Amino acid sequence: GGRRKTKKEVMEELMAKSKYYKSLRRQEKEADEAKLGELDASFRSLQQDAAFGQGLRRLAREKLPGDGEKQVKEKPDDYDKMTKELAFEIRSRPSERTKTP
């Protein structure tokens, strides 16, 4: 193969790669922020539309299914009771000790 890289060359290459990837992340972040700005502007214009605004307000007032309603718990049947008992028995039993030589 080729000659081995010196420590200085390796460090320079590492720094160059680091700067490159940092630049890529910054560009992606800027692109994401620009897209988010466009979406915000679109949403603001939608909010100003009277029909859309009325629909949003109506949805905000409506209760979603399950809101405010207490969940009704089913009573455990025999199978559920037995599985809980077995699980408890297994946990409560000490493990078998062995003497080490």
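Because the structure is predicted, anything quoted here is derived from the model rather than measured.

S.K.: I would appreciate a short explanation of the overall build of the protein in the present structure.
M.R.: Summing up its helical and strand segments, the protein has 3 helices and 0 strands in all. Going from the N terminus to the C terminus, the protein shows its helices and strands as α-α-α. Residue burial in the protein is summarised as follows: out of 101 residues, 2% are buried. Split by element, the accessible area of the protein, about 10900 Å² in all, is 55% carbon and sulfur.

S.K.: Explain the pattern of salt bridges to me, please; I cannot follow it from the model alone.
M.R.: A side chain of one charge can pair with a side chain of the opposite charge when the charged atoms of the two come close. Summed over all chains, the structure comprises 5 salt bridges. Close ionic contact of Arg3 with Glu9 constitutes a salt bridge, the shortest N to O distance being 2.6 Å. Arg3 sits in the exposed class, given a relative accessible area of 62%. When salt bridges with common partners are traced through the structure, they connect Lys5, Glu13 and Lys17 into a single cluster.

S.K.: Would you take a moment to explain the packing of aromatic side chains for this structure?
M.R.: In this description, an aromatic ring pair is defined by two values, namely the gap between the centres and the angle between the planes. Evaluated as defined, the whole model comprises 1 aromatic pair. Taking the centre distance of 5.2 Å and the plane angle of 70° together, the rings of Tyr20 and Tyr21 count as edge-to-face. On the basis of relative accessibility, which here comes to 49%, the residue Tyr20 falls in the partly exposed class. Among the residues examined, Tyr21 registers a relative accessible area of 48% and is labelled partly exposed.

S.K.: What's the story with a nonpolar patch on the surface in this structure? I'm lost.
M.R.: Together, Met11, Leu14 and Met15 make up an exposed nonpolar region whose accessible area comes to about 300 Å². Take Met11: it is sitting in helix α1 (residues 7-48).

S.K.: What is the right way to look at the packing of α1 against helix α2 (residues 50-61) in this model?
M.R.: Working note: a packed helix pair is described by the angle between its axes plus the distance between those axes. The geometry of α1 relative to α2 is characterised by a closest axis approach of 5 Å and an angle of 90° between their N-to-C directions. Looking at the two axes, α1 sits roughly perpendicular to α2. Together, Phe43, Leu46, Gln47 and Gln48 of α1 and Ala50, Phe52, Gly53 and Leu56 of α2 make up the contact between the two elements. Residue composition of the contact of α1 with α2, by class: 5 nonpolar, 3 polar and no charged.

Rules used throughout
- Residues numbered from 1 in each chain as written.
- Predicted model: local features only at pLDDT ≥ 70, side-chain atom pairs only at ≥ 80, totals over all residues.
- Heavy atoms only, no water.
- Helix = DSSP H or I, 4+ residues; strand = E, 2+ residues; numbered from the N terminus.
- Buried < 20%, exposed > 50% of the residue type's maximum accessible area, 1.4 Å probe, protein only.
- Areas by Shrake-Rupley, 256 points an atom, 1.4 Å probe, with all protein chains shown as cover.
- Salt bridge = Lys/Arg side-chain N within 4 Å of Asp/Glu carboxyl O.
- Phe/Tyr/Trp six-rings, centres within 6.5 Å; stacked < 30°, edge-to-face > 60°.
- Patch = residues over 30% accessible without salt bridge, like charges linked within 9 Å, V, L, I, M, F, W, Y side chains within 5 Å.
- Axes fitted to C-alpha atoms, helices over the stretch in contact; angles between N-to-C directions.
- Parallel < 35°, antiparallel > 145°, perpendicular 65-115°, else oblique.
- Contact = heavy atoms within 4.5 Å.
- Nonpolar A, V, L, I, M, F, W, Y, C, P; charged D, E, K, R; others polar.

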